[in-house]
Amino acid sequence: MDTTRKHPHIIVPWQAKTESYQSYSSGRKTKTEPPSVGRHSHGVYLQASINRAVDEARARRGLTSIEVIGAKPGVYLEFESFQGWELAIGSFENRRAKDPRKHIEVVAVSTEVVGQGADAEEIQYAAVIVPDGQVGHFLSQLERYARTTPKKPRERRHESVYDRVSKVRLAALRSLWTDARDVYPSSEDESIWWEVWLRRTDGEELQRFLEFASQTRLKVSPRRIQFDERIVTLVHGTARQLAASLDVINDLAELQRAKETASFFVEQSPKEQADWVKDLLERMTPPSGESPSVCILDTGVNRGHPLLEHALAPQDCHTVDPNWGSNDHDGHGTEMAGLALYGDLVPLLAGKEPVRLGHGLESVKILPPTGQNDPELYGAVTAEAAGRVEVQSPTRRRVFSMAITSRDTRDRGKPTSWSSAIDALAAGRSFDPSTKGLVYLDDDEPHRRLFIVCAGNVDEMEPDHLARSDTEPIHDPAQAWNALTVGAYTDKVIIQDLAWNDWEPVAQRGDLSPWSTTSVTFEKQWPFKPDIVMEGGNIVRDDKGTVDFPCEDLSLLTTYFKPTEKPFVLSWATSPATAQAARIAASIAAAYPDLWPEMIRGLVVHSAEWTPVMKKNLDATNDRKRARARLVRRYGFGVPSLDRALRSADNSATLLVQGSIRPFEDGKLREMHFYELPWPREVLASLGDANVRVRVTLSYFIEPNPGRRGWKKRHRYQSHGLRFDVKGPTESLDEFRKRLNKKALDEEEEKPSTSGDSKDWYLGEQARNHGSLHSDILEGLAADIAERGVVAVYPVTGWWKEQKKQDRSEYGTRYALIVSIETEDIETDIYTPIAVQVGLPVETFVG
């Protein structure tokens, strides 16, 4: 739609109507079937297996010469499911003892696929730590399970637990391995860097592990990070060395492998390039001291570049390790700084318009110089980096831009220590240097943060780039729920350089960049990633199918880290896409100082649209919402627009709501919110059968529960979830309330016969409800849209609900709700009626 955007968005000034809430979900469990041998025989077999495992553990313990002060022994058991069944993970735990070191705890859950194709099924494994003296918990349950007497009313025999278990054995070190199976060491004596997750029990677990490491000559990294239930550190050594810990200390929880990380203006002489820099500087207005910033987490930034020095003060250049220095040793960080500040330099250098910078820069060097390449615990590094800039400038508004990911793709959406740290930092936890923990410094108003992270690049370029991208998953930590994850698309298809005369671009205009990874191969419970795509450049191919890059005409232009040699350098892939997205986010923060990070993230996504090429691919799926959702895992929600993110128009109004909800109380759902929005009802009704588009985006930050323990009930990764729903055109407000909320029913009243309209939305509630950001589009007749001005926000379950002592619902959890209405007729004014309802003058946006 050809729309002139000149108005600020409308911030809805009133509070939600809050109701006590109960869902209609039944909560029924899947019925199990008894093993073929019968429950008595199976129970006796499992009891014998446990006793044999305990005897074996005691024998091994008697042979070790390692002694650790304060260590209390236990036995690690591994439960294996029958093929095609999931274990009842939560039922293996017993946390009733006051001393947490006596708790029976599931520490690691993994799966193995057996069979192929349609016959493929999973076997699930759960590693459980059983402190000495506690094994009777399982033996007594299995005694009841094996009984042959008639079952009494309300008698528990634990059929739903042990019907699923095929075997129990003494766990080996590999039982604690939650990473991809193919990256486990090939032999017991292969030395690698391990990511070791320790159980937090009495506060001495790290000291015990360090003492064990000293005796076994394991090398332990000084960097570590603490979550509520886990401590994560890096250890170098062999499986044989680590395996001895299972007989000495019971502090290990899980193990993973440590991650490893990594045209016209260009053709001109350095002197000619310097002249272009001078021209741009003469047209540039630097940011004010009160402006927000983009904090570049990268290889450092060279603030001596003439295009950067006015936006990056010396005191805002940091490093996580003083031995590294804060200078840019590689060039990547300075490239990102230029793009985060200006975007692609080509149109700015070629233009003559004034350039006013609304935000500045900060830099934290998080990658070491070449030659210092031991793996880092990058969750801890990222947390330390955030802390350094916040100590220097605690009140400054900022967005964090991180165009750094791991090199591998084996996580496929599963949380890691790095992605979990980003989620925790976004949710308001801060890094405590004294304890290495992520803690809340202010319970009432924790400091939330917006992290913008690149999706990562494919390993190899191919002519069939979409097939390649669809099979290469997003890199760690870009699967973080609370991050704004950025992939790459491209509009660059025109090649003018004669040196590439026999080559053509690989990607067509408006399609995914050949560099971009996707979440197409993620399991369905993980979030859509990327969230958005930005320009990342293109590559070329010849008639033989050979691909090549970089092609100057198909790349972006940015700042070079050695400006005395040349001021400009080419940039491509998902890194520059990320920096450009950070620029949009910082621009929103500058224009709307009171918006939360949750809202800024939501607005970036809400402003995104699919290009015609993307839309063609999306619409080619015959309206099958699951297939559309699969394609959203390729493109995210499309390409953001700074103009749409900042401004409304006469015929396109965007409403912003910032709210706080208390999801749970005493292990039950607590409340839901209803918003009767300022709706242009009369104007819409007058348009009759004209087409109107409504878009709703809900953005919030979850608190993570890291550790690969099955992600069920108390081990769910997300603290809570939120959902939105919109009143149907023929529903009354009362019917809408009762359709969603069981507590809204009168005594003996049945649920209303009216149903939701998920089928009318582009994605629908089943497809859109992944992660912590949900966005969907509804197109319909104006007369119907006129009756849809009520939106509900309500909670769904999470680990806060299951772990009552750690539930933070009482403090409230924030969310951002964005609703836009747009008519095809650009002469229609829907903005003014809304502004009048909220008492706002009809302003013209300046900036």
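A short tour of the structure in this document, coming up. (Residues numbered from 1 in each chain as written. Predicted model: local features only at pLDDT ≥ 70, side-chain atom pairs only at ≥ 80, totals over all residues. Heavy atoms only, no water.)

1. Overview of the overall build of the protein
Counting secondary structure elements, the protein contains 24 helices and 38 strands. A compact globule built from 847 residues would reach a C-alpha radius of gyration of about 29 Å, and the protein, at 28 Å, matches this within 12%. Taking the principal axes of the C-alpha coordinates as reference, the protein spans close to 85 × 70 × 55 Å. For the protein, the residues scored as buried account for 60% of the 847 residues in total. Put simply, the protein shows about 34,700 Å² of open surface, and 47% of that area lies on carbon and sulfur atoms. (Helix = DSSP H or I, 4+ residues; strand = E, 2+ residues; numbered from the N terminus. Rg over C-alpha atoms; globule rule 2.2 N^0.38 Å. Buried < 20%, exposed > 50% of the residue type's maximum accessible area, 1.4 Å probe, protein only. Areas by Shrake-Rupley, 256 points an atom, 1.4 Å probe, with all protein chains shown as cover.)

2. Section: unusual backbone geometry
In this structure, the amide linkage connecting D476 to the following residue, P477, adopts the cis form with an omega of 10°. With respect to the helices, strands and loops of the structure, P477 is situated in the loop between α13 (465–471) and β21 (484–490). The phi dihedral of H158 is positive, around 60°, even though this residue is not glycine. Residue H158 is classed as buried on the basis of its relative accessible area, which comes to 8%. Positive phi values are uncommon outside glycine, yet R217 reaches one of about 60°. Relative to the helices and strands, R217 resides in the loop between α4 (205–216) and β9 (219–226).

3. Structural notes on the sheet that holds strand β3 (residues 17–20)
Read from one edge to the other, the open sheet built from four strands follows the order β3-β33-β37-β35, with strand pairing classed as antiparallel. Of all the strands in the sheet, the pair left with one neighbour each is β3 and β35 (721–726). Strand-to-strand twist of the sheet, defined as the mean angle between neighbouring strand axes without regard to direction, takes the value 25°. Here four bridges tie strand β33 (residues 671–676) to strand β37 (residues 790–796), and the two strands are oriented antiparallel to one another. Counted as the bridge partner of H673 is V793 from β37. (Pairing = 2+ DSSP bridges. Axes fitted to C-alpha atoms, helices over the stretch in contact; angles between N-to-C directions.)

4. Thoughts on the pattern of salt bridges
Counting across every chain of the model gives 62 salt bridges. Across the pair R647 and D643 runs a salt bridge, and its minimum N-O distance is 2.8 Å. Two residues, D734 and R737, come together in a salt bridge whose shortest N-O distance is 2.5 Å. Of the two residues, D734 and R737 both sit in helix α20 (residues 733–740), three residues apart, roughly one turn of that helix. For D734, a relative accessible area of 35% corresponds to the partly exposed category. Shared partners join several salt bridges into a network, and the residues in it are E93, R95, E105, R199, E229 and R230. (Salt bridge = Lys/Arg side-chain N within 4 Å of Asp/Glu carboxyl O.)

5. A few points about the pairing of β33
Buried residues dominate β33, accounting for five of its six residues. Direction of pairing for β3 relative to β33: antiparallel, over a ladder of four bridges. When the sheet's bridge partners are listed, S20 is paired in β33 with E671.

6. A look at the packing of helix α1 (residues 39–63) against helix α2 (residues 136–145)
At a minimum axis distance of 8 Å, the contact between α1 and α2 shows a crossing angle of 165°. Comparing their axes, α2 and α1 come out roughly antiparallel. In terms of crossing hand, the pair formed by α1 and α2 is left-handed. Every residue of α2 that contacts α1 at R39, H42, G43, L46, Q47, I50 and N51 is listed here: F138, L139, L142, E143 and Y145. When its residues are assigned to classes, the contact of α1 with α2 shows six nonpolar, four polar and two charged. (Parallel < 35°, antiparallel > 145°, perpendicular 65-115°, else oblique. Left-handed = near helix turned anticlockwise from the far one by under 90°. Contact = heavy atoms within 4.5 Å. Nonpolar A, V, L, I, M, F, W, Y, C, P; charged D, E, K, R; others polar.)

7. Description of the sheet that holds strand β4 (residues 74–81)
In a beta sheet, neighbouring strands are held together by backbone hydrogen bonds and run either parallel or antiparallel to one another. Taken in spatial order, the four strands make up an open sheet running β5-β6-β4-β7, and their pairing is antiparallel. The two strands at the open ends of the sheet, each matched to only one other strand, are β5 (105–114) and β7 (165–170). Between one strand axis and the next, the sheet turns through 20° on average, direction left out of account. In terms of strand pairing, β4 meets β7 through five bridges, oriented antiparallel. The partner of L77 across the bridge, within β7, is L170. Here α1 sits on the sheet in contact with β4 and β7, set at roughly 15° to β7.

8. Comments concerning empty space enclosed by the protein
Taken as a whole, the largest cavity encloses approximately 130 Å³ of empty space. What lines the largest cavity is a set of 15 residues, among which F227, D228, P704, N705 and P706 lie closest to the centre. Residue composition of the lining of the largest cavity, by class: six nonpolar, three polar and six charged. Approximately 110 Å³ is the volume found for the second largest cavity. (1 Å grid on protein atoms, 1.4 Å probe; cavity = no way out; pocket = protein on both sides within 12 Å on 5 of 7 lines; lining within 4 Å. Points joined across faces, edges and corners; volume = space filled by probe spheres on them.)

9. Brief notes about the state of the cysteines
Counted according to the given criterion, the structure contains zero disulfides. The closest cysteine sulfur to the non-disulfide-bonded C317 is located on C295, 10 Å from its own sulfur. Residue classification places C317 among the buried residues on the basis of a relative accessible area of 15%. (Disulfide = S-S within 2.5 Å.)

10. Remarks on the side chain of D251
Mapped onto the fold, D251 is located in the loop between α6 (245–248) and β11 (252–257). Take D251: its relative accessible area is 1%, and that puts it in the buried class. For D251, the side chain forms a polar contact with the side chain of R208, separated by 2.9 Å. Among all residues touching D251, those that are not within four sequence positions of it are Y76, W197, L198, R199, T201, E205 and R208. (Polar contact = N/O pair within 3.5 Å; in protein donor to acceptor, adjacent residues only side chain to side chain.)

11. Some details on the environment of W194
One can find W194 in strand β8 (residues 192–199). The exposure class of W194 is buried, given its relative accessible area of 0%. For the pair W194 and S91, spaced 103 residues apart in sequence, the C-alpha to C-alpha distance is 29 Å. Reaching out from W194, the side chain makes a polar contact with the backbone oxygen of G237 at a distance of 2.9 Å.

12. Considering the nonpolar core
Residues W194, L252, Y815 and L817 are the most contacted members of the largest nonpolar core, which totals 112 residues. Tallying contributions element by element places helix α11 (residues 378–392) first for this core, with seven residues. Residues L345, I532, Y592 and A767 belong to the second largest nonpolar core, which totals 77 residues. (Core = buried A, V, L, I, M, F, W, Y, C linked by side-chain atoms within 4.5 Å.)

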